[in-house]
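Chains, contacts and geometry: an overview
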Amino acid sequence: MLLFVISSCQTEQPTIKYKSVKEIAAKEAAVVTAHPLASEAGLKILQQGGNAVDAAITVQFALAVVYPVAGNIGGGGFMVYSGEEGDMTLDYRETAPSQATEKMYLDDKGEVISRLSLDGHLAAGVPGTVQGMWQAYEKLSKLKDWEALLQPAVDLASGFPISSQQAGLLNHFKIMFDTINGRPTPFTKETPWKEGDLLVQSDLKQTLIRIQKLGAKGFYEGKTADLIVQEMQKGGGLISKQDLADYKAIWRDPISMRYKGHELISMAPPSSGGIALSQLLNSVEPYDLSKYKPLSTEAVHLMTEAERWVYADRAEHLGDSDFYPVPTSNLTDSSYVASRMNGIQMDKARISEDVKAGSFEESEQTTHYSIVDADGNAVSITTTLNAEYGSKTVVQGAGFILNNEMDDFSSRPGVPNLYGLLGSDANKIEAGKRMLSSMTPTIVKKAGKPYIVVGTPGGSTIITSVFQTIVNIIDFDMSALDAVSTPRFHHQWQPDRISYEQGFAARADTSALSKMGHTLRKRSPIGRVEVIIVDKDGLQAAADPRGDDSASGY
Ligand code: DON
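Rules of the game
- Residues numbered from 1 in each chain as written.
- Predicted model: local features only at pLDDT ≥ 70, side-chain atom pairs only at ≥ 80, totals over all residues.
- Heavy atoms only, no water.
- Helix = DSSP H or I, 4+ residues; strand = E, 2+ residues; numbered from the N terminus.
- Rg over C-alpha atoms; globule rule 2.2 N^0.38 Å.
- Buried < 20%, exposed > 50% of the residue type's maximum accessible area, 1.4 Å probe, protein only.
- Areas by Shrake-Rupley, 256 points an atom, 1.4 Å probe, with all protein chains shown as cover.
- Near = heavy atom within 4 Å.
- Polar contact = N/O pair within 3.5 Å; in protein donor to acceptor, adjacent residues only side chain to side chain.
- Nonpolar A, V, L, I, M, F, W, Y, C, P; charged D, E, K, R; others polar.
- Contact = heavy atoms within 4.5 Å.
- Salt bridge = Lys/Arg side-chain N within 4 Å of Asp/Glu carboxyl O.
- Pairing = 2+ DSSP bridges.
- Axes fitted to C-alpha atoms, helices over the stretch in contact; angles between N-to-C directions.

Focus on the overall build of the protein
- Looking only at helices and strands, the protein features 19 helices and 23 strands.
- In terms of C-alpha radius of gyration, the protein reaches 22 Å, essentially the compact-globule figure of 24 Å for 554 residues.
- Taken along its principal axes, the extent of the C-alpha atoms in the protein is 65 × 60 × 45 Å.
- Burial status across the protein gives 62% buried among its 554 residues.
- When the accessible surface of the protein is summed, it comes to about 19900 Å², and 49% of that surface belongs to carbon and sulfur atoms.

Structure representation (structure tokens):
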């Protein structure tokens with residue numbers, strides 16, 4: 001558990017205390033995020049009568065300050081909303097700059113130039129976060145006080161004490177920050193960071209004040225836009241004034257699905273999350289998973305075999321539907337899903353090489369937060385810079401980090417991206433297009449009302465972690481904290497293996513799975529799931545124990 005008390009006499013800063021709370025029971029409202037200070041900021045807005053969207057806006061900007069590894073104003077994300085205004089989703093994913101081209105990361109021989117889509121200025125897409133928050137505010141805010149919603153972030157930018165995980169990450173990436181920026185940044189210092197050190201972000205504070213005063217124009221026009229374009233010119237990046245002025249977030253219909261009597265809504269393309277989750281749940285629905293134990297050989301095998309074909313489809317068919325005809329209804333059709341599960345044996349693994357994408361006649365770091373307000377409105381948001389600290393490019397004078405989301409495009413068919421994901425024409429780079437995502441912010445409804453609010457970071461593992469958490473709650477009847485804490489496993493078609501985290505092997509029978517033909521490999525922790533369950537007794541909120549994540553509520 002984290003506990004910081006910085007007294008004002010030592011630091012000349014206001015006293016900032018925080019501790020990480022992993023599980024709460026609340027009567028009215030709850031918020032779970034990757035950082036205790038962001039959860040507390042969101043909670044205060046809810047207590048002041050703000051709705052879930054108001055709290056989400058406050059959390060998004062607070063995370064941009066206190067969780068710079070993934071919280072952002074230089075990145076993008078997706079919001080799923082269910083409440084008084086209906087069901088809707090907002091796509092504030094980054095776009096490829098207008099100068100971007102299909103072959104921009106290839107050398108003369110057509111080979112991918114290592115890390116060009118990941119490190120530095122050329123890796124950045126046009127950020128969507130501030131437009132996303134602004135459009136969400138205009139449509140759904142109850143408080144109607146933008147300035148007040150941003151104030152916690154402005155205050156926190158004066159300085160907050162970092163956790164030991166944060167100190168470790170900042171130290172780990174110091175050389176990259178130095179190399180890419182060629183000057184000191186707020187994220188680097190001469191001596192190593194340690195727990196409790198204050199992270200002071202004065203330029204970011206001024207940027208936030210401009211956004212606070214001018215709304216989205218405080219980012220996409222004027223001084224902030226000038227600073228972004230100047231930064232691009234220094235490092236060969238492509239984002240132009242026009243790209244910034246043109247950026248719009250897009251309201252999209254959710255992907256709706258049913259699972260064992262529940263109705264779910266999740267994100268449509270340019271995220272693959274909603275379609276893939278629908279395919280996964282639909283694949284296992286005919287099976288009575290509840291007769292198996294969680295992490296039993298049968299449950300792991302079945303879920304893995306579904307994951308194998310779903311990721312093969314993702315590689316072939318998914319991309320930004322504004323640029324490519326994604327066959328959504330074919331992919332989520334129940335007889336198609338049944339045909340893809342056909343032939344699966346309960347005692348034998350399939351081989352990924354034998355599993356191709358279906359065909360049709362026509363055709364650690366991201367962050368998630370879940371919020372439910374006192375009126376039962378729910379918001380599920382996953383937002384990202386892509387890799388840890390994105391492209392590591394800090395906009396000089398503006399104090400924020402730019403994403404490296406361009407790597408989520410397929411730089412060349414058959415060449416895996418950072419997460420080992422393959423892609424095709426559907427996800428090739430085109431000017432103005434949005435790169436394919438795995439982010440899967442999801443709301444499960446029961447009797448028409450939000451029941452589970454869930455999501456996670458984790459690159460390609462996002463979809464399977466959301467899948468596993470939903471199965472843990474619905475099929476295995478777990479509490480929110482158990483659902484989040486249970487060890488996770490993941491298969492993504494290629495590479496052909498089940499990757500699993502600490503704790504899995506102690507509970508699952510890895511030798512039985514190997515005998516069936518599965519290859520297994522242990523890896524680092526998978527995801528940071530934040531979940532709220534709304535049931536008849538109130539709200540259960542659980543923050544992932546794998547990080548500093550924290551739940552608040554009242
Ligand atoms: O949109 C996506 O799918 C990725 N950019 C998400 C990256 C991510 O989750 C990294 N976190 N571990």
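Let us keep going from here.
What about the site of the ligand?
- Near the ligand there are 16 residues, and of these Thr366, Glu405, Asp408, Ser438 and Gly459 occur at the shortest range.
- With respect to the ligand, the side chain of asparagine 386 contributes an N or O atom lying 2.8 Å from a nitrogen atom.
- For the ligand, a nitrogen atom lies 2.7 Å from a polar atom in the side chain of glutamate 405.
- The fraction of the free accessible surface of the ligand (340 Å²) that becomes covered by protein chains is 99%.
- Class assignment for the residues of the shell around the ligand results in four nonpolar, eight polar and four charged.

Looking at the side chain of glutamate 231
- Assignment of secondary structure puts glutamate 231 in helix α10 (residues 222-235).
- Given the relative accessible area of 3%, glutamate 231 is considered buried.
- Of note is the side chain of glutamate 231, whose polar atom sits 3.3 Å from the side chain of arginine 183.
- With residues near it in sequence (within four places) discarded, glutamate 231 still touches His121, Arg183, Thr393, Val394, Val395 and Gln396.

Topic: the pattern of salt bridges
- With the rule as written, the count across this model stands at 26 salt bridges.
- One salt bridge in this structure joins aspartate 178 and lysine 174, with 2.7 Å as the shortest N-O distance. Placement of the pair is aspartate 178 and lysine 174 together in helix α7 (residues 174-181), with a separation of four residues, close to one helical turn.
- Taken together, the salt bridges that share partners define one network made up of Asp91, Arg252, Asp322 and Arg434.

So, the environment of proline 270
- Of note, proline 270 is situated in the loop between β11 (262-266) and α12 (273-284).
- Proline 270 gets classed as buried once you look at its relative accessible area, which sits at 0%.
- In the structure, proline 270 is positioned 56 residues away from valine 326 in sequence and 9.6 Å away in space, judged by C-alpha atoms.

A look at the sheet that holds strand β3 (residues 23-26)
- Read from one edge of the open sheet, seven strands run β3-β22-β21-β17-β16-β11-β10, paired in antiparallel fashion. The open sheet has two edge strands, β3 and β10 (255-259), and neither has a second partner. On average, adjacent strands in this sheet sit at an angle of 20° to one another, irrespective of strand direction.
- Summarising the sheet, β11 and strand β16 (residues 442-446) pair through three bridges and their orientation is antiparallel. Note that in β16 the partner of leucine 264 across the bridge is valine 444.
- In the packing of α12 onto the sheet, contacts are made with β10, β11 and β16, and the angle to β10 comes to roughly 15°.
- On top of the sheet, helix α16 (residues 462-474) reaches β10, β11, β16, β17 (449-455) and β21 (530-535); it is set at about 135° to β17, its chief contact.

Considerations on the sheet that holds strand β18 (residues 489-490)
- Strand order in this open sheet of three strands is β18-β19-β20, and the pairing throughout is mixed. Strand pairing shows two members of the sheet lacking a second neighbour, β18 and β20 (520-522), which therefore form its edges.
- Pairing geometry for strand β19 (residues 498-500) and β20, over three bridges, is parallel. Each residue of the ladder has a partner; that of tyrosine 500, found in β20, is lysine 522.

Remarks on unusual backbone geometry
- The omega angle of the peptide bond from proline 269 to proline 270 is 20°, so this bond is cis rather than trans.
- Cis rather than trans, the peptide bond between glutamine 494 and proline 495 has omega equal to -5°.
- With respect to the element layout, proline 495 can be found in the loop between β18 and β19.
- We note that leucine 295 has phi near 65°; this positive angle belongs to a residue other than glycine.
- The phi angle at tryptophan 493 is positive, at roughly 75°, despite the residue not being glycine.
- Among the structural elements, tryptophan 493 can be located in the loop between β18 and β19.

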